[in-house]
Amino acid sequence: MKILGIESTCDETSASVIEDGKKILSLQTASSADIHAKYGGVFPELACRRHVEAIIPIIDAALKEAGITSEEIDAIAIAKGPGLIGALLIGMQTAKGLAIAWNKPLIGVNHVEAHLYAAMMSSNTAPRFPALGIVLSGGHTLFLHIHAIGHYTTLSTTVDDAIGEAFDKVAVLLGFPYPGGPHIEQLALKGSSKKGLFSAGKVKKNPLAFSFSGIKTSVLYAVKDKALSSQEKADIAASFQETVFQDVLKKAKLICKQIGANAIYLGGGVCNNQRLRDIFMQNLTNTAIFWPSKDLSLDNAAMIAGLGYHKFLENPQGESLQIQPSARISYEIARSS
Ligand code: KG4
Ligand code: ZN
């Protein structure tokens, strides 16, 4: 079964053809990160303009790369949210238009759920449940109890910034363009993490919740009006990164114990960070840890088409064409959307 996936939730326009939920026949992605670089974060209006220009050529390129025509597609999977509403509308309207023109079912897919599915797609073994799902991206910091594909309970999230957003803002303070995560990772390699320089955010009465605004402000005060040497900057990057990742690890360990999970699926752009991967692999030796392959960590349509296959099996008729995208979606995914 071949599913065409379309992703346009933020600054990537992506299309992919996936066979039977796993085999990547094609993946084409255009990013507008270059135009956001100088703003330190995604500029929604500019992202939308790029989506409009890129979406049809990217879909054409994905079909071409897969070596198939539109007739050979079984369904069209579209990321229906969460994300930037203008960006979502462009993807949704395009997908609806194609569903009508090609007479194919339309499958709405939750982008965050798809980030977790990316780790399942990247593994050769069948998914194991119950598992802990961790999404660490520019828009999300989310811990979910995965009962099965499509069945989740939210366990923890952030009360302010998302983790990737914190990386992006700290990167701006250290003089880097958007997206800042990869710059922080590279700079941290040249520094050493100083114990006590920063501390992880704490949320009153909710020990499992995340908060990143405090550490971001601490970094601001560490750099503001100071003539820092490049070594001092590298130490700040390393200390920030280490504090944040140790916080993620600590909560992951607690939650795994709490829900009796011996598998963790991770997803989202921050999972491209090798230090995060090392920390998890070194400290959770009795837990099976599943990462997305690096090209499936960042926003991409392969994960949308992959998860779309499972949704299609559940509901072969697909969605009504009245379906609307939504900037925010509950993560009690199976029950609410
Ligand atoms: O999953 P993604 O492409 O988009 C969202 O759904 O938000 O994630 C993008 C985020 C950005 O905040 C970016 O700075 C961060 O992932 N990121 C990283 C790394 N690569 C990307 N953060 C830390 N280390 C990295 N190597
Ligand atoms: Zn994402």
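What counts as what
- Residues numbered from 1 in each chain as written.
- Chains lettered and ligands numbered in written order.
- Predicted model: local features only at pLDDT ≥ 70, side-chain atom pairs only at ≥ 80, totals over all residues.
- Heavy atoms only, no water.
- Helix = DSSP H or I, 4+ residues; strand = E, 2+ residues; numbered from the N terminus.
- Buried < 20%, exposed > 50% of the residue type's maximum accessible area, 1.4 Å probe, protein only.
- Pairing = 2+ DSSP bridges.
- Axes fitted to C-alpha atoms, helices over the stretch in contact; angles between N-to-C directions.
- Contact = heavy atoms within 4.5 Å.
- Salt bridge = Lys/Arg side-chain N within 4 Å of Asp/Glu carboxyl O.
- Expected span 1.5 Å × (residues − 1).
- Donors = N, O, S within 2.8 Å, 3.2 Å for Na, K, Ca; no water.
- Tetrahedral: all angles 85-135°; square planar, octahedral: opposite > 155°, others 65-115°.
- Near = heavy atom within 4 Å.
- Polar contact = N/O pair within 3.5 Å; in protein donor to acceptor, adjacent residues only side chain to side chain.
- Areas by Shrake-Rupley, 256 points an atom, 1.4 Å probe, with all protein chains shown as cover.
- 1 Å grid on protein atoms, 1.4 Å probe; cavity = no way out; pocket = protein on both sides within 12 Å on 5 of 7 lines; lining within 4 Å.
- Sits in = over half its atoms within 2 Å of the grid points.

> So what exactly am I meant to see when it comes to the environment of Leu173 here?
By the secondary structure assignment, Leu173 is in helix α5 (residues 163-173). When its relative accessible area of 31% is taken as the criterion, Leu173 is described as partly exposed.

> In this structure, what is going on with the sheet that holds strand β10 (residues 288-290)? I would like to understand it.
Two pairing modes exist for strands in a sheet, parallel and antiparallel, and in both the strands are linked by backbone hydrogen bonds. What the five strands build is an open sheet, ordered β8-β7-β6-β9-β10; its pairing is mixed. Every other strand in the sheet has two partners, leaving β8 (151-157) and β10 as the edge strands with one partner each. Between one strand and the next, the sheet's axes are offset by a mean angle of 25°, whatever the strand orientation. In this structure, strand β9 (residues 263-267) lies alongside β10, joined through three bridges in parallel fashion. Paired with Tyr265 across the strands is Phe290, a residue of β10. On top of the sheet, helix α4 (residues 111-121) reaches β6 (131-136), β7 (141-148), β8, β9 and β10; it is set at about 120° to β9, its chief contact.

> Any chance you could explain the pattern of salt bridges here in plain terms?
A pair can form between side chains of opposite charge whenever their charged atoms are brought close. Overall, the coordinates contain nine salt bridges when judged by the stated rule. A salt bridge links Asp235 to Lys194; the nearest nitrogen and oxygen atoms lie 3.6 Å apart. Note that Asp235 is positioned in helix α8 (residues 230-259) and Lys194 in the loop between α6 (181-189) and α7 (213-223), a separation of 41 residues in sequence. The class for Asp235 is buried, based on a relative accessible area of 10%. Exposure remark for Lys194: the relative accessible area of 41% places this residue in the partly exposed category.

> Would you mind going over helix α3 (residues 85-102) with me for this structure?
Within an α-helix, residues lying three or four positions from one another point in the same direction, as the helix has 3.6 residues per turn. Counted at 1.5 Å a residue, the expected span for α3 with its 18 residues is 26 Å, and the 25 Å between its end C-alpha atoms agrees. Positive backbone phi, approximately 55°, marks Asn103, located one or two places after α3.

> Would you explain the coordination of the zinc ion (ligand 2) in this entry?
Octahedral six-donor coordination of a metal ideally yields angles of 90 or 180 degrees, compared with 109.5 degrees for tetrahedral four-donor coordination. The protein atoms that coordinate the zinc ion (ligand 2) are His111 (NE2), His115 (NE2) and Asp299 (OD), at distances spanning 2.0 to 2.1 Å. Around the zinc ion (ligand 2) sit four donor atoms; with metal-centred angles ranging over 95 to 137°, the donor geometry is irregular. Along the chain, the residues that donate to the zinc ion (ligand 2) are spaced as H-x3-H-x183-D. On the criterion of helical spacing, the pair formed by His111 and His115 is a turn pair, its members being four residues apart in helix α4. Residue classification places His111 among the buried residues on the basis of a relative accessible area of 3%.

> In this structure, what is going on with the site of ligand 1? I would like to understand it.
In the vicinity of ligand 1 lie 21 residues, with Gly138, Asp168, Gly181, Glu185 and Gly269 positioned nearest. The side chain of His115 places a nitrogen or oxygen atom 3.4 Å from an oxygen atom of ligand 1. Within the contact set of ligand 1, an oxygen atom lies 3.0 Å away from a backbone nitrogen or oxygen of Gly139. Starting from 560 Å² of accessible surface for ligand 1 in isolation, the protein chains cover 93%. Cavity membership is defined here by more than half of the atoms lying within 2 Å of grid points; on that basis ligand 1 lies in the largest pocket. Going through the elements one at a time, α4, α5 and α6 are the ones with two or more residues in the shell around ligand 1.

> Could you clarify how one ought to interpret the sheet that holds strand β1 (residues 2-7) in this entry?
If you walk across this open sheet you meet the five strands as β3-β2-β1-β4-β5, and the pairing is mixed. In the strand order of this sheet, the two ends are held by β3 (23-31) and β5 (106-110), each with one partner. Across the sheet, the axes of successive neighbouring strands diverge by a mean angle of 20°, strand direction being ignored. In this structure, strand β2 (residues 12-19) lies alongside β3, joined through eight bridges in antiparallel fashion. Among the inter-strand pairings, Glu19 is bridged to a residue of β3, identified as Lys23. Contacts from α3 reach β1, β4 (75-81) and β5 within the one sheet, and its direction differs from that of β4 by about 160°. Helix-sheet contacts for α4 involve β1, β2, β3, β4 and β5, and the interaxial angle to β5 is about 90°.

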